[in-house]
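Architecture and fold: a report
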Amino acid sequence: MRSYDLSPLYRSTVGFDRLFSLLDQATSVDNAPSYPPYNIERTAENAYRISIAVAGFGESDLSIESKENTLTVRGEKKAADDADKREILHQGIAARAFERRFQLADYVQVTGASLENGLLHIDLVREIPEAKKPRLIPIGVQGTKVIEARKAA
């Protein structure tokens, strides 16, 4: 994968430093974990789903934590009681412990999670507060009077 230098963009923008930092992190492949594989899909205009392949893990082996703007998914396989009775001739299913972190955008909340057919689905929704939504600003015409605001009771 190619490495892109985003430093020239830092000079020409104001307030987008966090955005470019996230892009830098996303494009760096030095220490990017590749296990377990995952998909991120958009299910609606403001809804998303992360699907992680966790074959061999049960609900009790997985934990999901959302803290500030970071979503952390951990998996740790508990040792089975009959493990010493079995002899594995070939182990192709990776059941090693993992920790996968996702950086969430502002106002993105986790709404639910489900485990089906070896896939862990995490549903997310972006809910922008009314105060942060775009609003139409009327343009005043010169010569119009400003009406005094009423005092709050």
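Residues numbered from 1 in each chain as written. Predicted model: local features only at pLDDT ≥ 70, side-chain atom pairs only at ≥ 80, totals over all residues. Heavy atoms only, no water.

For the protein chain, the name recorded in an unreviewed UniProt entry is Hsp20 family protein, with Bosea eneae as its organism. In its Sequence similarities (unreviewed entry) section, UniProt records this for the protein chain: "Belongs to the small heat shock protein (HSP20) family." (UniProt positions renumbered as here; feature names shortened; annotations may be inferred.)

Turning to the overall build of the protein chain, a few remarks are in order. Regarding its fold elements, the protein chain presents 2 helices and 7 strands. Listed by position from the N terminus, the elements making up the protein chain come as α-α-β-β-β-β-β-β-β. Out of the 153 residues in the protein chain, the part that is buried amounts to 17%. A separation threshold of at least 6 residues defines the contact pool for the protein chain, and within that pool the share at least 24 residues apart is 54%. (Helix = DSSP H or I, 4+ residues; strand = E, 2+ residues; numbered from the N terminus. Buried < 20%, exposed > 50% of the residue type's maximum accessible area, 1.4 Å probe, protein only. Contact = heavy atoms within 4.5 Å.)

For the rest of this paragraph, the subject is the environment of Tyr 107. For Tyr 107, the location among the structural elements is in the loop between strand 5 (98-103) and strand 6 (108-116). Among the residues examined, Tyr 107 registers a relative accessible area of 32% and is labelled partly exposed.

On to the packing of aromatic side chains. As enumerated under the stated definition, the model contains 3 aromatic pairs in all. Taking the centre distance of 5.4 Å and the plane angle of 85° together, the rings of Phe 57 and Phe 98 count as edge-to-face. On the criterion of sequence distance, the pair formed by Phe 57 in the loop between strand 2 (47-53) and strand 3 (62-67) and Phe 98 in strand 5 is long-range, its members being 41 residues apart. Residues Phe 57 and Phe 98 agree in their burial class; the two are buried. Clustering of aromatic rings is evident, with ring pairs tying together Tyr 35, Phe 57 and Phe 98. Above the plane of the ring of Tyr 35 lies Arg 96, whose end atom (NZ or CZ) is 4.0 Å from the centre. (Phe/Tyr/Trp six-rings, centres within 6.5 Å; stacked < 30°, edge-to-face > 60°. Lys NZ or Arg CZ within 6 Å of the ring centre and 35° of its normal.)

Here the idea is simple: oppositely charged side chains can pair when their charged atoms come close. One pass over the structure, following the stated rule, counts 5 salt bridges. Glu 65 serves as the salt-bridge partner of Arg 74, at 3.3 Å between the closest nitrogen and oxygen. Linking Arg 101 and Glu 99 is a salt bridge whose minimum nitrogen-to-oxygen distance equals 2.7 Å. Overall, Glu 99 belongs to the partly exposed group, its relative accessible area being 37%. Residues joined in a network through salt bridges with shared partners are Glu 65, Arg 74, Glu 99 and Arg 101. (Salt bridge = Lys/Arg side-chain N within 4 Å of Asp/Glu carboxyl O.)

In the sheet, strand 3 pairs with strand 4 (residues 70-75) via 6 bridges, with the strands oriented antiparallel. When the bridges of strand 4 are listed, Leu 62 appears paired with Gly 75. In this antiparallel pair of consecutive strands, strand 3 and strand 4, the connection spans 2 residues, and Glu 68 shows a positive phi of 55°. (Pairing = 2+ DSSP bridges.)

Looking now at the sheet that holds strand 6. Ordered in space as 1-2-7-6, the 4 strands form an open sheet in which the pairing is antiparallel. The open sheet is flanked by strand 1 (38-44) and strand 6, the only strands paired with a single partner. Going from strand to strand, the sheet's axes swing by 20° on average, the running direction of each strand aside. Pairing between strand 6 and strand 7 (residues 119-126): 8 bridges, direction antiparallel. Residue Gly 112 lies in a different strand from strand 7, and its bridge partner there is Asp 123. (Axes fitted to C-alpha atoms, helices over the stretch in contact; angles between N-to-C directions.)

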